[in-house]
Amino acid sequence: MKKEAANVADRSVDVVIVGGAAMGSSAAFHLRRELDFGGSVLVIERDPSYARSSTALSASSIRLQFSTPENIRLSHYGIAFLRAMKDRFGPEADPKFHEGGYLIMAGAGGDRTLAANVETQRREGADTQFIRAEELAARFSWINPDGLSAAAFGPNREGWYDPNTLLGTLRREARSGGAEYLTGEVVGIEANRTRIEGVRLASGERIACGAMVNAAGPNAGRVAGLAGVELPVEPRKRTVFVVHCRDAPSGLPLCADPSGVWIRPEGTFHISGWSPPEAEDKAADPNDFEPDYSEFETYIWPSLAHRIPAFEATRMVRAWVGHYDYNTLDQNGIIGRHPAIENLYFVNGFSGHGLQQSPAAGRAVAELIAFGQFRSLDLGRMGYERIAENRPLREDNVI
Ligand SMILES: Cc1cc2nc3c(=O)[nH]c(=O)nc-3n(C[C@H](O)[C@H](O)[C@H](O)COP(=O)(O)OP(=O)(O)OC[C@H]3O[C@@H](n4cnc5c(N)ncnc54)[C@H](O)[C@@H]3O)c2cc1C
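The structure contained in this document is the topic of the report that follows. Counting from 1, residues in each chain are numbered in the order their sequence is written. pLDDT decides what is reported in this predicted model: residues at 70 or higher carry local features, side-chain atom pairs at 80 or more are listed and counted, and totals for whole chains, interfaces and linings draw on all residues regardless. The basis for the side-chain values is all heavy atoms of the structure; hydrogens and waters are excluded.

1. Focus: the site of the ligand
Now for step 1: Whether a residue is near a molecule or strand is decided by its heavy atoms; if any one of them lies within 4 Å of it, the residue is near. Around the ligand, 38 residues are found, and the nearest of them are Glu45, Thr55, Ser61, Asn219 and Gln356.
Now for step 2: We define a polar contact as two N or O atoms separated by no more than 3.5 Å, with the added condition that, inside protein, one atom must be a possible hydrogen donor and the other a possible acceptor, whereas residues neighbouring each other in sequence contribute only through side-chain atom pairs. Within the backbone of Met23, a nitrogen or oxygen atom sits 3.0 Å from an oxygen atom of the ligand.
Now for step 3: The side chain of Asn219 places a nitrogen or oxygen atom 2.9 Å from a nitrogen atom of the ligand.
Now for step 4: All accessible areas in this document rest on Shrake-Rupley with a 1.4 Å probe, and a residue is counted as covered only by the protein chains that are shown. For the ligand, the accessible surface in isolation is 990 Å², of which the surrounding protein chains cover 97%.
Now for step 5: In terms of residues, the shell around the ligand owes the most to one element, strand S16 (residues 315-327), which gives four residues.
Now for step 6: When residues are sorted by character, Ala, Val, Leu, Ile, Met, Phe, Trp, Tyr, Cys and Pro go into the nonpolar class, Asp, Glu, Lys and Arg into the charged class, and all the rest, Gly among them, into the polar class. Its residues placed into classes, the shell around the ligand shows 17 nonpolar, 16 polar and five charged. Elements are defined by DSSP. Helices are runs of H or I of four residues or more, strands are runs of E of two residues or more, and each kind is numbered from the N terminus.

2. What to know about helix H2 (residues 22-34)
Now for step 1: Judged by how many residues are buried, H2 sits mostly within the fold: 10 of 13 residues are covered.
Now for step 2: Classification of residues uses two cut-offs on accessible area relative to the type maximum, computed with a 1.4 Å probe and protein chains only: under 20% is buried, over 50% is exposed, and between them is partly exposed. Those residues of H2 that sit buried are Ala22, Met23, Gly24, Ser25, Ser26, Ala27, Ala28, Phe29, His30 and Leu31.
Now for step 3: Backbone geometry just after H2 places Asp36 at a positive phi near 55 degrees.

3. What about the pairing of strand S17 (residues 334-337)?
Now for step 1: As judged from the four bridges shared by S17 and strand S18 (residues 344-348), these two strands associate in the antiparallel manner. Looking across to S18, one finds that Ile335 is bridged to Val347.
Now for step 2: Linking S17 to S18, which pair antiparallel, is a turn of six residues. The pairing criterion is simple: DSSP has to find at least two bridges between the two strands.

4. Topic: the packing of aromatic side chains
The relative placement of two aromatic rings is captured by the distance of their centres and the angle of their planes.
Now for step 1: Centres within 6.5 Å are what make two rings of Phe, Tyr or Trp a pair, Trp counting through its six-membered ring; a difference in plane orientation under 30 degrees is then read as stacked, over 60 as edge-to-face, and the rest as tilted. A full pass over the atoms with the stated rule returns 10 aromatic pairs.
Now for step 2: Taking 6.1 Å as the distance between ring centres and 50 degrees as the angle between the ring planes, the aromatic pair formed by Tyr77 and Phe81 counts as tilted. Highlighted residues: Tyr77 and Phe81, both in helix H4 (residues 69-89), separated by four residues, approximately one helical turn.
Now for step 3: On the basis of relative accessible area, Tyr77 is assigned to the buried category, the value being 17%.
Now for step 4: Ring centres of Phe140 and Phe153 lie 5.3 Å apart, and the angle between their planes is 70 degrees; on these two criteria the pair is classed as edge-to-face. With Phe140 in the loop between helix H6 (133-139) and strand S6 (148-154) and Phe153 in strand S6, this pair connects stretches of sequence that are 13 residues apart.
Now for step 5: What links up through ring pairs into an aromatic cluster is the set Phe29, Tyr77, Phe81 and Phe89.
Now for step 6: Look at NZ for Lys and CZ for Arg. If either is within 6 Å of the ring centre and within 35 degrees of the ring normal, a charge sits over the ring. Above the ring of Tyr326, the side-chain terminus of Arg236 is found at 4.0 Å from the ring centroid.
Now for step 7: The ring of Tyr324 carries the charged tip of Arg238 above its face, separated from the ring centre by 4.5 Å.

5. What about the state of the cysteines?
Now for step 1: Any two cysteine sulfur atoms lying within 2.5 Å of each other are counted as a disulfide. If you walk through the whole model with that rule in mind, you get zero disulfides.
Now for step 2: The closest cysteine sulfur to the non-disulfide-bonded Cys245 is located on Cys255, 12 Å from its own sulfur.
Now for step 3: For Cys255, a relative accessible area of 3% corresponds to the buried category.

6. Some points on the sheet that holds strand S13 (residues 254-256)
Now for step 1: The eight strands lie next to each other as S5-S6-S4-S13-S14-S15-S12-S16, forming an open sheet whose pairing is mixed. Each edge of the open sheet is held by one strand with a lone partner, namely strand S5 (129-132) and S16. Direction aside, the axes of adjacent strands within the sheet are offset by 20 degrees on average.
Now for step 2: In the sheet, S5 pairs with S6 via four bridges, with the strands oriented antiparallel. Of the residues in S6, the one forming a bridge with Arg132 is Ala150.
Now for step 3: Its contacts with the sheet put helix H5 (residues 111-123) on strand S4 (102-107), S5 and S6, and the angle it makes with S6 is roughly 20 degrees.
Now for step 4: Most of the contacts of helix H9 (residues 294-307) go to strand S15 (residues 269-274), to which it runs at about 115 degrees, and overall it touches S4, S6, strand S12 (233-244), strand S14 (261-266), S15 and S16. Every axis corresponds to a line fitted to the C-alpha atoms, with the helix fit spanning only the stretch in contact, and the corresponding angles, defined between N-to-C directions, vary from 0 to 180 degrees. Working rule for contacts: check all heavy atoms of both residues, and any pair within 4.5 Å makes them a contact.

7. Quick word on the packing of H2 against H4
Now for step 1: For the pair H2 and H4, the least separation of the axes is 15 Å and the interaxial angle reads 60 degrees. By the angle class used here, H2 and H4 are oblique. Between H2 and H4 lies a crossing whose hand is left-handed. On H4, the residues that touch Phe29, His30 and Glu34 of H2 are Tyr77, Phe81, Arg88 and Phe89.
Now for step 2: Along the lines of polarity and charge, the residues of the contact of H2 with H4 split into four nonpolar, one polar and two charged. Angle categories are assigned with fixed cut-offs, so that under 35 degrees is roughly parallel, over 145 is roughly antiparallel, 65 to 115 is roughly perpendicular, and the rest are oblique. Throughout, a crossing is termed right-handed when the near helix is turned clockwise from the far one, and left-handed when it is turned anticlockwise from it by less than a right angle.

8. Topic: the environment of Ala211
Now for step 1: With respect to the helices and strands, Ala211 occurs in strand S11 (residues 206-214).
Now for step 2: Measuring from C-alpha to C-alpha, the distance between Ala211 and Leu344 comes to 6.0 Å, with 133 residues separating the pair along the chain.
Now for step 3: In contact with Ala211, other than residues within four places in its own chain, are Asp14, Val15, Val16, Asn343 and Tyr345.

9. What about empty space enclosed by the protein?
Now for step 1: Whether a set of points on the 1 Å grid over the protein atoms alone is a cavity depends on a 1.4 Å probe fitting there but being unable to get out, while an open set qualifies as a pocket with protein on both sides within 12 Å along at least five of seven lines; lining residues are those with an atom within 4 Å of a point. Grid points are joined across faces, edges and corners, and a volume is the space filled by probe spheres set on the points. One pass over the full model with this rule turns up one cavity of 30 Å³ or more.
Now for step 2: Lining the largest cavity are Met105, Cys255, Asp257, Val261, Trp262, Ile263, Ser303, Leu304, Arg307 and Ile308.
Now for step 3: At the level of elements, S14 and H9 are the ones that each hand at least two residues to the lining of the largest cavity.
Now for step 4: Looking at the lining of the largest cavity, its residues break down into seven nonpolar, one polar and two charged.

Below, the structure is given as structure tokens:
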């Protein structure tokens, strides 16, 4: 936007955050409550019910079992954050974090990669255990190890929690720290080659800003496009099935099978889902929230019944759809500043593991804005530069 245009904006703020779910609210919370950032922070959210946000539709699980050290470090902070929420923010902020563990299984030939990943995790402070296929049945009597070469189990600091409590707390604390939330949809971004000058809302309002954070989840690619910036993030549809199994083994960890099927307990039920092979996984219509019921019969039930025979007799109770904020380059988060547009920040593309990383990713982008550099974690490898230079940062453990 040209100078004279900025002068006629309806208002002007220091930081505009586009999207007010987990990432946007975490960035706002860290700026205003944790880092003493003195500037004004405006979070623009098109749907304050969050009904279609990834955050609300997530499987809301957290793990240390990644292959990329940065992802492990991001989750360490997420775990510490979840564990401390009730004491820090009061009883209503209890996210009901259940540390039920993850069991990640490797098929034939996958044991070497799994073993290397476990080593990385243990170096990064996790207690992940590597279990050979022949030892599995002794550890977990309910498992059928056919076709497995090994598995990795995280006995602590991995599990699941309530996503709405995490989001609600981040949002409330951001507001109490002085961040403002505005209901509106960003439909235009006024940018030149080096700066974002402001954003335009569907209502016609124009807001000038000193910095802009893209926290638009699966819509982040489109939002970046409004500024003329290419960002390889698109919505990918995932159906989550709620299942009932009368004879389910008690105390199941989150189990991730090599077939792409995962399952974990959820109250008196279990929830389960499936990720298609990369070649078959296509961009979703952002308005498509209709469950793919056929996935249950075709992929999920056969895989569950094979791996955990107790699930042979399973009833599907209901299903919901959410969209992954899918980074087509390497399925890893993009956290950083645009190399040329110096006041444009990204916290995007987490591809199915973003909720657990939202406390740390929001803190990281807040540090960049407040201090001009990362302070807590060096996330230099996760920046936008790798996108621009087509240098994938591969994560082996994407579920
Ligand atoms: C089925 C499923 C299971 C998942 N399981 C896990 C899991 O177990 N663990 C985990 O860590 N992660 C998981 N994820 C991923 C995780 O949910 C996301 O990575 C994370 O919630 C992303 O948060 P976000 O705030 O960036 O995006 P969102 O929660 O999608 O929020 C983006 C917000 O931006 C708003 N917005 C978009 N465009 C605009 C605009 N132009 N103007 C104004 N507002 C706008 C939207 O309304 C939305 O509220 C899962 C995701 C899905 C779909």
